[in-house]
Amino acid sequence: MVIASVMGCISYKNNCIMVCLALVSVFKVTSSSDNSSSYENIKALKESLFSQDRYSQELRPVRNQSKPIIVKGFFDLLTIVSVDDVKQEIVTNGYLRFYWKDERTNWNLTDYGGIRYLPLQDHQTWLPFLDITNALNGRDAFANRRSFVAMSNDGNTGWMPSGLFHTYCDLNLLSFPFDVQDCEIQMCPIYHAIEELQFSLNKRVHKAFYHPNSGWDLLKAEVFNEKKSVMANITYSCPTIHLQLKRRAATIVLNVVVPAMLLSLLNNLAFLIPTDSGEKLGYAITVLLSQTVFLSIVSSMTPQISDVIPALTIYLFILLLTSVITVIAVIFIEHFHHQDERLQANEDTVEPFTPPLPSSNQTIHLSKSKCYRTIARRVNIILFVIVMVTSSIATVWFLTFTQASL
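Reading guide: rules and limits
- Residues numbered from 1 in each chain as written.
- Predicted model: local features only at pLDDT ≥ 70, side-chain atom pairs only at ≥ 80, totals over all residues.
- Heavy atoms only, no water.
- Phe/Tyr/Trp six-rings, centres within 6.5 Å; stacked < 30°, edge-to-face > 60°.
- Helix = DSSP H or I, 4+ residues; strand = E, 2+ residues; numbered from the N terminus.
- Buried < 20%, exposed > 50% of the residue type's maximum accessible area, 1.4 Å probe, protein only.
- Contact = heavy atoms within 4.5 Å.
- Polar contact = N/O pair within 3.5 Å; in protein donor to acceptor, adjacent residues only side chain to side chain.
- pLDDT = per-residue confidence, 0-100.
- Pairing = 2+ DSSP bridges.

**Observations concerning the packing of aromatic side chains**
Given two aromatic rings, one states the distance between the centres and the angle between the planes to describe the pair.
Okay, step 1: What the rule picks out here adds up to 10 aromatic pairs.
Okay, step 2: Geometrically, the ring pair formed by F98 and W159 is tilted, given 5.9 Å between the ring centres and 35° between the ring planes. Linking F98 in strand β6 (residues 89–101) with W159 in strand β10 (residues 156–159), this pair joins segments that are 61 residues apart in sequence.
Okay, step 3: F98 sits in the buried class, given a relative accessible area of 0%.
Okay, step 4: Considering the side-chain rings of F271 and F384, the 6.3 Å spacing of their centres and the 65° angle between planes classify their relative orientation as edge-to-face. With a gap of 113 residues between them, F271 in the loop between α2 (250–269) and α3 (280–301) and F384 in helix α6 (residues 360–405) connect regions that are remote in the sequence.
Okay, step 5: Look at F271 and you get buried, because its relative accessible area is 2%.

**Thoughts on the environment of R247**
Okay, step 1: Tracing the chain through its elements places R247 in strand β15 (residues 234–247).
Okay, step 2: With relative accessibility at 9%, the residue R247 sits in the buried group.
Okay, step 3: In the structure, R247 is positioned 29 residues away from L218 in sequence and 9.0 Å away in space, judged by C-alpha atoms.
Okay, step 4: Apart from the residues lying within four places of it in its own chain, the contact partners of R247 are D85, L173, F176, P177, D179, G215, W216 and I252.
Okay, step 5: One polar contact links R247 to D179, side chain to side chain, over a distance of 2.7 Å.

**What about the confidence of the model for the protein?**
Okay, step 1: Scored by pLDDT, the protein comes out at a mean of 82, with 82% of its residues at no less than 70.
Okay, step 2: Every residue in residues 1–37 is under pLDDT 50, and counting partners more than four places away or in other chains gives 64 contacts.

**Let's talk about the sheet that holds strand β8 (residues 131–132)**
Paired through their backbone hydrogen bonds, the strands of a sheet run either parallel or antiparallel.
Okay, step 1: In space, the 4 strands of this open sheet follow the order β8-β12-β15-β14, with antiparallel pairing throughout. Each edge of the open sheet carries a strand with a single partner, namely β8 and β14 (216–231).
Okay, step 2: Taken together, the 14 bridges between β14 and β15 define a ladder with antiparallel strand orientation. The residue bridging W216 from the neighbouring strand is R247, located in β15.

Below, the structure is given as structure tokens:
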């Protein structure tokens, strides 16, 4: 009795051929001579197909080397591992399914005990290697490959390499944290021009085993078979995987945006604190320090050098500027409010004691004291209105801008 274990067999739609993508293990549960015969058949088949004088891994598997070899396949996305806003890096996990016809490898089933599929290690046969042109940690797409190749008796071959792809993504953070990003995994066979090797991958990205990322939603995933010219006379067939992602902004909104808006409200309330309480300046400085902390948090989430400044950074900077104006205004308000006390202290220190007599000096002193306090109250009201209007306009602008980007 023959038991065959085939993992991941996929229907090759063009010619209805079943191509195996993993190791095929065949066990014949009979006598010891039968097991030896099955092993000898596989060994003889490999020696016949891949002898040094018959097969070379460096040559494309077409008999007419002037014709290109067509490699078809799919891309399966497993997960978006991470998106680094500071490094402008996206890490994806997935695997590619490649199918092509090896014209140099075919055999008769009756000559080798009915063996239909032959499992091979990836170094035993020709493979359509790809380089990632926008990689950040090595160009070879499958440098740590450890995958098997399945070959059928008519030469149809399947290979399913996988890997973690660290690629550069030019993130536009203008609408951060309500941004939508377009990232790509750009692959290219730099050792074979389009006259030698052509890729024809399915446009649809398979997501049967996709695991969502906690911080990003996948809006779109497509594969484009592009032609890229590196030099004037050399063109390459380059599959490009396009991913469109939308950030999940709830955490950042609750931790940064909402507290910043509440701090802007608290900053306005600094002008309503009575000047005689002595807490006006300390309160304003506390709000200023809090605004500084939130601005530093957002700065740590975005690139230090960028062509685009996020709208959230501009909004927090405006709130920080209003807090600075509030602190400066409170200092001047308290200065004018207590000006009469300093004048009275100077008069008590310089002038000798004389019996109080009705004179015009007391009237002048009282009028000056009332004038300074009036100035302090008016400046307090004017700056309260200016800071409140400025922070309100900034908040409305930020909310309108982010709403338009959704």
